[in-house]
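Chain by chain, the residues:
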Amino acid sequence: MSNNKIKIALVFGTRPEAIKMCPLVKKLKENNNFEVLTIVTAQHRQMLDSVLELFEVTPDYDLNLMKPNQNLWDLSCEILTETRKVFEKEKPDLVLVHGDTTTAGISALSAFYSRIKIGHVEAGLRTFDKDYPFPEEINRVIVDSVSDLMFCPTDRACENIEKSGIKKGIYKTGNTVIDALLYVVENKKANLDFINLNSDLKTILLTSHRRENFGKPLENICYAIKELIEKHKDIQVVYPLHLNPNVRNTVKPILENVERVKLIEPLDYVPFCNLMKKSHIILTDSGGVQEEAPALGVPVLVLRDETERPEALEYGGVCLVGTNKEKIVNKVSELLLNEEKYEKMSKAVNPYGDGKACQYIEKIILDYFDLK
């Protein structure tokens, strides 16, 4: 404890982490009981920086670890050694990490080795398959197993942790991504004219970048889009292409010159939120989008065979379609042609919270350290 304040270090390194952690950084900084440190690994450099700028968060430590074609071994080693240096210097009372990235998994391990208390934001997500998604499933298991405080988005996430044998430090808070999303759509408008959307067409937003979908699965997704464009003349598809060459080298040969398919550069968070709001259907393998889009009333088709977010499936706003071309084509076509089924998905309740997750997390930390 520093100057009778609790020193809290928040560590993150990718755009999705930043989106979900920056609102928490700002919320904790409002509280005079806390001294807040922001540490970024910059596992994703360009995508991270735009989110930091949006939320006006300046890192106290920028480890700047991103390298071209980096692998998990080298990245893990660097995160472990570089966070150790910061932890030894700053001696935080609590380290907060988010989700299931390599940054989260290794930073939590580093904090554990340093004997620092750990809080896991977005705890308890599981597929119970160590290889799917890879390496995220093992990252989140590692973080939960070493954490003292687990901030779970849903009841199911809490139950997953309890089933693993952990009985204390488990709290349902909702997901901070809803805090971030509602802030942006209410306060930040973006000009999307550069995409040249046709207002007479229904927009389908596609995002796919997960490692597990590299190669043939991503090819199947692209061929499904091609068939949908041929089959439905009233749609346009927007695909912000991830910077990873494994994505670009697969997608461009198949979709680059297809009419009504717009391959664009990755979007900053504000235009992406605005584009989600304008979309008729979203196809994605992203975890965050599965949580965000139902809050906007947009049906989500998940390009994976499993999801660690089953609540959205149960509530009806999300549907698994995997990477089978026929299944993707059939489900999208059904939503385009069957108004009743579309309405049912678009009006489903979002199980991921009320936009006050950061407030709940703040109170839990205050109680944990016995502060008013």
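About the cut-offs
- Residues numbered from 1 in each chain as written.
- Predicted model: local features only at pLDDT ≥ 70, side-chain atom pairs only at ≥ 80, totals over all residues.
- Heavy atoms only, no water.
- Pairing = 2+ DSSP bridges.
- Helix = DSSP H or I, 4+ residues; strand = E, 2+ residues; numbered from the N terminus.
- Axes fitted to C-alpha atoms, helices over the stretch in contact; angles between N-to-C directions.
- Parallel < 35°, antiparallel > 145°, perpendicular 65-115°, else oblique.
- Left-handed = near helix turned anticlockwise from the far one by under 90°.
- Contact = heavy atoms within 4.5 Å.
- Nonpolar A, V, L, I, M, F, W, Y, C, P; charged D, E, K, R; others polar.
- Disulfide = S-S within 2.5 Å.
- Buried < 20%, exposed > 50% of the residue type's maximum accessible area, 1.4 Å probe, protein only.

1. Quick notes on the sheet that holds strand E12 (residues 300-302)
Overall, parallel pairing links the six strands, which are arranged E10-E9-E8-E11-E12-E13 in an open sheet. Both outer strands of the open sheet, strand E10 (261-264) and strand E13 (318-320), are each paired with one neighbouring strand and no more. Looking at each pair of strands side by side, their axes are set apart by 20° on average, direction ignored. One ladder, built from four bridges, connects strand E9 (residues 235-240) with E10; its direction is parallel.

2. Re the packing of helix H1 (residues 15-29) against helix H2 (residues 45-54)
Describing two packed helices takes the angle between their axes plus the distance from one axis to the other. Axis separation between H1 and H2 bottoms out at 8 Å; the angle between their running directions is 15°. Classified by the angle their axes make, H1 and H2 are roughly parallel. The crossing of H1 and H2 is right-handed. Contact with H1, carried on its side by Arg 15, Ala 18, Ile 19 and Cys 22, involves Met 47, Leu 48, Val 51 and Leu 52 of H2 and no other residues of that element. Its residues assigned to classes, the contact of H1 with H2 comprises seven nonpolar, no polar and one charged.

3. Points about the state of the cysteines
Going through the model one piece at a time under the given rule, you end up with zero disulfides. Unpaired in terms of disulfides, Cys 358 finds its nearest cysteine sulfur in Cys 22, a separation of 10 Å. Under the relative-accessibility criterion, Cys 358 is labelled buried at 3%.

Everything listed here is a matter of coordinates, which is why it stays silent on function.
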